Amino acid sequence: MPEEINRPFSFDVIREEDVTLSTYDNHIKRSLSAMRNQYHDEQAYETLLREEDCMLYEVYEVKRPEIAGELLQGISIVHPGKVGDEYFMTKGHFHSELGTAEVYYCLKGEGLMVMETPEGYWAIETLTPEKVLYVPPRWAHRSVNTSRDEDLVTFFVYPGNAGHDYGSIEKHGFRKLVVERDDQIEVIDNPKWLPPEVR
Ligand code: S6P
Ligand code: ZN
């Protein structure tokens, strides 16, 4: 078989106390300092950051060529915790190639996927073990861990040519935030969200 042939391969999801993959190419770690201006309680953010630049989430990526036709896969692990009353979450992004979708399969934990289109339509879906979530083309997505003490672990698959646009969300935020109020999970309006007409 010629060397340039793409060979099929498989790997295992290792479900020990920490979920990992048997094979991966990249281990990304994102800590609090990467999330400036994303949490609504700025004072709580600064106070926590002064104490410790704690780890919010990790991603194990299985690399493939970043071209149409390929699929990129991996697992995302959002740790439990809050900044003020707002749960730990991923940065969230649109795909740069806006017309590309993504599938998430929840392996462990409890959380929400917060989603939004460039027009400001929003949607939230629950993530619990064995749930499969389809994020259609054009929807920005952010995973939020709403559990008290457990990691939220999801397996994801998306097109190789998708790319990531973090800048749009950094600039205008997500319309909805997920907070804990009186021991309940609540979805509230983001006071800092910029609607499409003022961007
Ligand atoms: C990539 C996919 C996930 C996220 C991961 C971290 O398209 O949606 O792998 O990268 O959940 O989130 P973020 O927003 O920091 O990339
Ligand atoms: Zn994505």
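This structure is a prediction, so every number in the text was calculated from the model and none was measured. (Residues numbered from 1 in each chain as written. Chains lettered and ligands numbered in written order. Predicted model: local features only at pLDDT ≥ 70, side-chain atom pairs only at ≥ 80, totals over all residues. Heavy atoms only, no water.)

(A) Structural view of the coordination of the zinc ion (ligand 2). The coordination sphere of the zinc ion (ligand 2) contains the protein donors His93 (NE2), His95 (NE2), Glu102 (OE) and His141 (NE2), at a distance range of 2.1 to 2.3 Å. The coordination sphere of the zinc ion (ligand 2) comprises six donor atoms, whose angles at the metal cover 72 to 173°; the geometry is octahedral. Within one chain, the residues donating to the zinc ion (ligand 2) are spaced in sequence as H-x1-H-x6-E-x38-H. One exposure class covers both His93 and Glu102, and it is buried. (Donors = N, O, S within 2.8 Å, 3.2 Å for Na, K, Ca; no water. Tetrahedral: all angles 85-135°; square planar, octahedral: opposite > 155°, others 65-115°. Buried < 20%, exposed > 50% of the residue type's maximum accessible area, 1.4 Å probe, protein only.)

(B) View of the pairing of strand β10 (residues 122–127). Bridge count for strand β9 (residues 111–116) against β10 is six bridges, and the pairing is antiparallel. Bridging from a neighbouring strand, Met113 pairs with Glu125 of β10. Hairpin connection of β9 to β10: five residues between the antiparallel strands, including Gly120 at a positive phi of 95°. (Pairing = 2+ DSSP bridges. Helix = DSSP H or I, 4+ residues; strand = E, 2+ residues; numbered from the N terminus.)

(C) Inspection of the site of ligand 1 at higher detail. In the vicinity of ligand 1, 16 residues are found, and the nearest of them are Tyr57, Gly92, Glu102, Tyr104 and Tyr166. In the model, an oxygen atom of ligand 1 is placed 2.8 Å from a nitrogen or oxygen of the Glu102 side chain. If ligand 1 stood free it would expose 400 Å²; the protein chains cover 97% of that surface. Assessed atom by atom at 2 Å from the grid points, ligand 1 resides in the largest pocket. Considering only residue class, the shell around ligand 1 consists of six nonpolar, seven polar and three charged. (Near = heavy atom within 4 Å. Polar contact = N/O pair within 3.5 Å; in protein donor to acceptor, adjacent residues only side chain to side chain. Areas by Shrake-Rupley, 256 points an atom, 1.4 Å probe, with all protein chains shown as cover. 1 Å grid on protein atoms, 1.4 Å probe; cavity = no way out; pocket = protein on both sides within 12 Å on 5 of 7 lines; lining within 4 Å. Sits in = over half its atoms within 2 Å of the grid points. Nonpolar A, V, L, I, M, F, W, Y, C, P; charged D, E, K, R; others polar.)

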